[in-house]
Amino acid sequence: MANKVTKIGVLTSGGDSPGMNAAIRAVVRTGLYNGLEVYGIMRGYQGMMDDDIFKMESKSVANIIQRGGTILKTARCKEFYETPGRKKAYDNLIKRGINGLVIIGGDGSFRGAKKFHEEFDIPSVGIPGTIDRDIVGTDFTIGFDTAVNTAVAAIDKIRDTMDAHDRMFIIEVMGRDAGFIALHSGIATGAENILIPERKTDMDAMIKSLQEKEKRKKLVNLIIVAEGDEMGGAEGVNKYIRKHMPDMDTKVAVLGHIQRGGSPSCFDRVIASRMGYTAVESLINGNHNVMIGIKDNRINYTPFEKASKLKTKVSEEWMKIVKILAS
Ligand code: ADP
Ligand code: F6P
């Protein structure tokens with residue numbers, strides 16, 4: 001793709017995350033600063049196919065840096081999985097002369113971006129926007145910091161009542177395939193057990209340890225479960241515990257989508273701004289079909305091929321920390 005990028009489109013795709021607006025703002029203002037025309041594409045790949053595209057100015061992104069959600073809205077788009085859907089999207093870009101794309105989303109969105117690029121040579125750059133923090137090539141994804149802080153604030157509140165009643169609480173946090181929200185919020189709130197999709201939990205050992213604690217009259221126990229854990233989320237874990245310890249006073253709380261909303265933290269606003277700026281610079285400089293990340297506080301580029309396939313691994317050391325600190 002030798003042509004100079006002159007008109008770029010920006011979209012948000014997949015699950016929304018707090019800080020996406022800050023990233024959109026950075027893309028728009030960096031694009032305009034560099035003399036590019038910038039177009040907003042509504043509802044991710046869906047809007048690209050439906051031709052729901054509009055020209056953005058500097059004022060289009062005024063007063064949004066502090067807002068959760070995404071002004072461009074987001075969607076999951078089935079038709080984009082198939083070539084005819086992607087062709088429709090391509091035709092709409094070409095019609096407007098859009099010759100560069102910034103895709104803000106998760107690994108699924110980058111899988112779509114990779115396919116789109118393979119078929120239709122539109123230079124694209126990705127920005128990791130997901131609360132799950134499971135994408136390789138970056139230490140943090142936009143929205144993760146806000147989401148874990150929301151979870152921690154909620155868990156702290158539950159702990160007060162849990163402690164007052166000498167109860168066990170099983171709290172479910174988000175993460176269909178990834179346990180990072182559970183791990184971080186669990187460590188930060190002093191959870192006794194953290195159950196994540198990436199590790200099979202030894203439930204017999206967990207019950208044994210809870211029974212020992214019961215004998216010692218330690219009845220306050222906090223268990224954090226990622227929604228995608230193999231036990232079937234908090235309800236599944238609660239069922240298992242009640243089966244083996246029928247007299248135990250247990251309560252379940254599912255935090256749910258509260259974790260995806262709200263005003264982004266300072267950290268998320270700053271990484272979103274850095275990544276948005278870098279995405280446009282990257283398009284201009286011919287560094288295409290990569291996801292922008294930040295590793296060791298430095299900008300890092302990961303090919304879509306890798307960013308859409310590989311998941312960040314949970315280290316054994318983290319699991320050891322969880323075990324030692326909860327004893
Ligand atoms: P996320 O980006 O948050 O992981 P999804 O996995 O739902 O979210 O992906 C967002 C969208 O990206 C999908 O709805 C679809 O339009 C597109 N997409 C995902 N995977 C593919 C794929 N393999 N081929 C084409 N498009 C895809
Ligand atoms: O954005 C990631 C995520 O929040 C996962 O942790 C969760 O399982 C999933 O999205 C839920 O998505 P939705 O509510 O859009 O179905």
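Residues numbered from 1 in each chain as written. Chains lettered and ligands numbered in written order. Predicted model: local features only at pLDDT ≥ 70, side-chain atom pairs only at ≥ 80, totals over all residues. Heavy atoms only, no water.

Here's the deal with the sheet that holds strand β4 (residues 100-105)
- Within the open sheet, the 7 strands sit side by side as β3-β2-β1-β4-β5-β10-β11. Their pairing is mixed. Edge positions in the open sheet fall to β3 (53-56) and β11 (298-303), since each of these has one partner strand only. Averaged over neighbouring strand pairs, the angle between their axes works out to 30 degrees when direction is ignored.
- Most of the contacts of helix α1 (residues 20-33) go to β4, to which it runs at about 165 degrees, and overall it touches β1 (7-12), β2 (37-41), β3, β4 and β5 (124-128).
- In this fold helix α9 (residues 266-284) packs onto β1, β4, β5, β10 (290-295) and β11, with an angle of close to 140 degrees to the strand it touches most, β10. (Pairing = 2+ DSSP bridges. Helix = DSSP H or I, 4+ residues; strand = E, 2+ residues; numbered from the N terminus. Axes fitted to C-alpha atoms, helices over the stretch in contact; angles between N-to-C directions. Contact = heavy atoms within 4.5 Å.)

Concerning a nonpolar patch on the surface
- Together, I187, W318, I321, I324 and L325 make up an exposed nonpolar region whose accessible area comes to about 450 Å².
- Sort the elements by how many residues they give to the nonpolar patch and helix α11 (residues 316-326) lands first, with 4 residues.
- Looking at where I321 falls in the secondary structure, it is placed in helix α11. (Patch = residues over 30% accessible without salt bridge, like charges linked within 9 Å, V, L, I, M, F, W, Y side chains within 5 Å. Areas by Shrake-Rupley, 256 points an atom, 1.4 Å probe, with all protein chains shown as cover. Salt bridge = Lys/Arg side-chain N within 4 Å of Asp/Glu carboxyl O.)

Side note on the packing of aromatic side chains
- All chains considered together, the criterion is met by 7 aromatic pairs.
- For the ring pair Y45 and F80, a centre distance of 3.9 Å and an interplane angle of 0 degrees mean the geometry is stacked. Residue Y45 is found in helix α2 (residues 45-50), and its partner F80 is found in the loop between β3 and α3 (83-96); the two are separated by 35 residues along the sequence.
- With a relative accessible area of 6%, Y45 lands in the buried category.
- Relative accessible area serves as the criterion here: at 4%, F80 is assigned to the buried category.
- The structure contains a cluster of three or more aromatic residues connected by ring pairs, namely Y45, F80, Y90, F116 and F120. (Phe/Tyr/Trp six-rings, centres within 6.5 Å; stacked < 30°, edge-to-face > 60°. Buried < 20%, exposed > 50% of the residue type's maximum accessible area, 1.4 Å probe, protein only.)

Topic: the domain arrangement of the chain
- In terms of domains, the chain is made up of domain 1 (7-143 + 264-307) and domain 2 (145-260).
- Between the C-alpha centres of domain 1 and domain 2 there is a distance of 35 Å.
- Each partner contributes residues to the interface: domain 1 has 14 residues there, and domain 2 has 12 residues.
- Summed over both sides, the interface between domain 1 and domain 2 buries roughly 1100 Å², with carbon and sulfur atoms accounting for 53% of that surface.
- It is I131, D132 and R133 in domain 1 that bury the most area against domain 2; as a group they hold 44% of the surface buried on that side.
- In this assembly, domain 1 and domain 2 are joined by 1 salt bridge. (Domains from an automatic or database assignment. Buried area = accessible area lost by both parts, 1.4 Å probe.)

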